[in-house]
Amino acid sequence: ADYSEIIVAAFVSDAVEAMSQLDRHDDADKLVDTMERNGRRLDRPWMLMVAFRGRAMVLAAKGDVESASIAAQQAMAEHDRLSMPFEKARTQLLLGQLQRRTRERGSATATLSEALQTFESLNTPLWADRARHELSRVKVVTRHSQLTSSEQRVAELAAQGMTKSSIAAALFISPKTVDTHLMRIYRKLGIHSRAELGHWVSQFESKTDG
């Protein structure tokens, strides 16, 4: 139990995050299991929060985003018994990332915005930058998701450099319809040229791969 107390185990959360990123999932799981076991036995909310957040990291790294989200919510519940705003913001950052990946865009925006506000108030610029980056990824998805399926397909083909007549032939629509779609796409995305459209499509694809 002493091994799990905050005075000697403050490193655990960072260690689990690093192990998850390095695919050392078994090692991370051992730390998480120890923290949860002792946290439950001693009813230590900090231990349980670290355990649940760590489990969320490991599950996310394995690709099980749904289970990771549940674990992150469990960690958030433990914060109700803690007065550690920085740690809560770290958990919110993780939860917001998971909400983005499960396409809960409204929730992700709210969660990440609260985390960013805390990081800024605590003057932790590196963590604030991480939160801003995640918020920008939500905004990219949100703006692109305003396009209809037909508009998305036209946007993708136009971004590849295809002419209007080629796009029309590929999608079995008229060139005039392609023009109409492009006008709507430009308006919705706030852009004015094919070059900007190509940038938007590549940005969207690169930022939503994860």
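Look above for the structure.
This text gives an overview of the structure that appears in the document. Counting restarts for each chain, with residues numbered from 1 along the sequence as it is written. Local features in this predicted model are restricted to residues whose pLDDT is 70 or higher, and side-chain atom pairs enter the listing and the counts only when it is 80 or higher, whereas totals over whole chains, interfaces and linings include all residues. To get the side-chain values, take all heavy atoms of the structure and skip hydrogens and water.

### Structural notes on the overall build of the protein
Rules: A run of H or I in DSSP counts as a helix once it spans at least four residues, and a run of E counts as a strand once it spans at least two, with each numbered from the N terminus. Radius of gyration here uses only the C-alpha atoms, and the compact-globule reference equals 2.2 Å multiplied by the residue count raised to the power 0.38. Buried, partly exposed and exposed residues are distinguished by accessible area as a fraction of the type maximum, computed with a 1.4 Å probe on protein chains only: under 20%, between the cut-offs, and over 50%, respectively. Between two residues, a contact is recorded if the distance between any of their heavy atoms is within 4.5 Å.
A count of helices and strands for the protein gives 12 helices and zero strands. The N-to-C order of helical and strand elements in the protein reads α-α-α-α-α-α-α-α-α-α-α-α. Whereas a compact globule of 210 residues would reach a radius of gyration of roughly 17 Å, the protein reaches 22 Å, over 25% beyond that. With the C-alpha coordinates of the protein rotated into their principal frame, the extents come out at 70 × 35 × 25 Å. Looking at the protein as a whole, 44% of its 210 residues qualify as buried. Put simply, of all contacts in the protein between residues at least 6 apart along the chain, 57% involve residues at least 24 apart.

### Digging into the packing of helix H5 (residues 65–79) against helix H6 (residues 85–101)
Applicable threshold: Orientation is described by lines fitted to C-alpha atoms, with helices fitted over the stretch in contact, and by angles between N-to-C directions that extend from 0 to 180 degrees. Any angle between 65 and 115 degrees counts as roughly perpendicular, while under 35 counts as roughly parallel, over 145 as roughly antiparallel, and the rest as oblique. We call a crossing left-handed when the near helix sits turned anticlockwise from the far one by less than a right angle, and right-handed when that turn is clockwise.
It is the contact of H5 with H6, at a shortest axis distance of 9 Å, that shows an interaxial angle of 155 degrees. Comparing their axes, H6 and H5 come out roughly antiparallel. The hand of the H5/H6 crossing is left-handed. Between H5, through Val65, Ala68, Ser69, Ala72, Gln73, Ala75, Met76 and His79, and H6, the contact on the second element is made entirely by Glu87, Lys88, Thr91, Gln92, Leu95, Leu98, Gln99 and Arg101.

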